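# Coordinate inspection notes
Now for the letters of each chain:
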Amino acid sequence: MARKCKCKKCGAQLTTDIAFKVVVKGVNHYYCNEPEYNKLQAYKLKRRNTMSYIFDMFSYNSDQLLPPVMIKKINVLAKTYDYDVIKETFKKDKKTLLYWWNLENKFTNEYNKVSYVMRIIENNINDTYKSMRIDKKQNEVSRSKVIIQDEALTKVKNIINKDISSFIEEE
Ligand SMILES: [Zn+2]
């Protein structure tokens, strides 16, 4: 018999017969549907990917964690920006970030250093977002050009075929 359950992602009230079920370490997790679950997994993967990039960039060891203030600030940014944009901003500003990061005697503690570095990210992320959006648009434009070219080519082919067939018919 179907029992009541709750979507792990959005909290919607569901029943076990219609919910999408995933078993994790022997525990049933329910979601509204499979696309919702897949979208969440893709998001988590992107987040993990971005965090590990940042982790490696600042040369943390595997027995360390990212500073809480950094995680907090990244989480705030992630409410507005995609994790791809966050990662790209770190990537683009890598040189500058590492310069400040490795500057001796500049910061009295890790908190100040992280805050400083995150301020650079916060100042530059909008530029990254815009340039990524422009890149995406240009990709879309060039893709639609290809489609138009394909259509034009099909038209030419049709005309050629027609000419040939009329030629054959005349014979
Ligand atoms: Zn849901």
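One numbering rule holds for all chains: residues counted from 1, following each sequence as written. Where totals are concerned, whole chains, interfaces and linings use all residues; where local detail is concerned, this predicted model gives features only for residues with pLDDT of at least 70, and gives and counts side-chain atom pairs only at 80 or more.

The next subject is the overall build of the protein chain. Of regular secondary structure, the protein chain possesses five helices and four strands. Working definition: helices are DSSP H or I runs of at least four residues, strands are E runs of at least two. Numbering for both runs from the N terminus. Going from the N terminus to the C terminus, the protein chain shows its helices and strands as β-β-β-β-α-α-α-α-α. Our radius of gyration is a C-alpha quantity, and the globule rule it is checked against amounts to 2.2 Å times the number of residues to the power 0.38. Expected size for 171 residues packed as a compact globule is a radius of gyration near 16 Å; at 26 Å, the protein chain overshoots this value by more than 25%. Its C-alpha atoms give the protein chain principal-axis dimensions of roughly 90 × 60 × 25 Å. To sort residues by burial, count the other C-beta atoms lying within 10 Å of each one's C-beta; a count of 20 or more means buried, 12 or fewer means exposed, and anything in between means partly exposed. C-beta atoms are built from the backbone. Relative to its full complement of 171 residues, the protein chain shows a buried share of 13%.

Quick look at the nonpolar core now. Only buried residues count toward a nonpolar core: Ala, Val, Leu, Ile, Met, Phe, Trp, Tyr and Cys, linked into one set through C-beta atoms within 7 Å. Within the largest apolar cluster, twelve residues are counted, these being Ile 54, Met 70, Ile 74, Tyr 83, Val 85, Ile 86, Phe 90, Leu 97, Val 114, Val 117, Ile 121 and Ile 125. Breaking this core down by element, the ones donating at least two residues are helix 2 (68-78), helix 3 (83-92) and helix 5 (110-170). Not counting chain neighbours up to four residues away, the residues in contact with Ile 121 comprise Thr 89, Phe 90 and Asp 93. Contact between two residues is assigned when their C-beta atoms, built from the backbone, lie within 7 Å.

So, about the packing of helix 1 (residues 34-57) against helix 3. Between helix 1 and helix 3, the shortest axis-to-axis distance is 9 Å and the interhelical angle comes to 15°. When the interaxial angle is binned, helix 1 and helix 3 end up roughly parallel. Read as a crossing pair, helix 1 and helix 3 show a hand that is left-handed. Along the contact surface, helix 1 presents Lys 46, Arg 47, Thr 50, Tyr 53, Ile 54 and Met 57, while helix 3 presents Tyr 83, Asp 84, Ile 86, Lys 87 and Phe 90. For the contact of helix 1 with helix 3, the per-class residue count stands at six nonpolar, one polar and four charged. Note on geometry: axes are lines fitted to C-alpha atoms, helical ones only across the stretch in contact, with angles between N-to-C directions running from 0 to 180 degrees. Comment on the angle field: the value is read as roughly parallel under 35 degrees, roughly antiparallel over 145, roughly perpendicular from 65 to 115, and oblique elsewhere. Whether a crossing is left-handed or right-handed is set by the direction in which the near helix is turned from the far one by less than a right angle, anticlockwise for left-handed and clockwise for right-handed. Residues are grouped as follows: nonpolar covers Ala, Val, Leu, Ile, Met, Phe, Trp, Tyr, Cys and Pro; charged covers Asp, Glu, Lys and Arg; every other residue, Gly included, is treated as polar.

The subject of this paragraph is helix 1. To estimate the expected span of a helix, subtract one from its residue number and multiply by 1.5 Å. The end-to-end C-alpha separation of helix 1 is 35 Å, in line with the 34 Å expected for 24 residues at 1.5 Å each. The positive-phi residue at the C-terminal boundary of helix 1 is Ser 59, with phi of around 55°.

Let us look at the pairing of strand 3 (residues 20-24). Each pair of strands is called paired provided DSSP finds at least two bridges between the two strands. Bridge analysis of strand 3 against strand 4 (residues 27-31) gives five bridges, and the strand direction is antiparallel. Bridge pairing in strand 4 links Val 24 to Val 27. In sequence, strand 3 turns back onto strand 4 through a hairpin of two residues, with Lys 25 there showing a positive phi of about 50°.

The next subject is the environment of Pro 67. Within the fold, Pro 67 resides in the loop between helix 1 and helix 2. Through-space distance from the C-alpha of Pro 67 to that of Tyr 111 is 7.9 Å; in sequence the pair is 44 residues apart. Not counting residues up to four positions away in its chain, the partners in contact with Pro 67 are Glu 110 and Val 114.

Moving on, we come to the environment of Lys 8. Secondary-structure assignment places Lys 8 in the loop between strand 1 (4-6) and strand 2 (13-15). Separated by 23 residues in the primary sequence, Lys 8 and Tyr 31 have C-alpha atoms spaced 5.7 Å apart. If we ignore the near neighbours within four places in the chain, the residues touching Lys 8 are His 29, Tyr 30 and Tyr 31.

Moving on to the confidence of the model for the protein chain. Values of pLDDT, which run from 0 to 100, indicate the predictor's confidence residue by residue. A residue-level look at the protein chain finds 92% of positions with pLDDT of 70 or above and a mean pLDDT of 89. Highest mean pLDDT in the protein chain belongs to helix 3 (97); lowest belongs to helix 5 (81).

This brings us to unusual backbone geometry. Even without being glycine, Lys 25 reaches a positive phi, approximately 50°. By the secondary structure assignment, Lys 25 is in the loop between strand 3 and strand 4. Under the C-beta neighbour-count criterion, Lys 25 is labelled exposed, with 5 such atoms within 10 Å. Residues other than glycine seldom take positive phi values, yet Asn 105 does so here, at roughly 60°. Residue placement: Asn 105 occurs in the loop between helix 4 (94-101) and helix 5. Note on Asn 105: 5 C-beta atoms within 10 Å, which makes it exposed.

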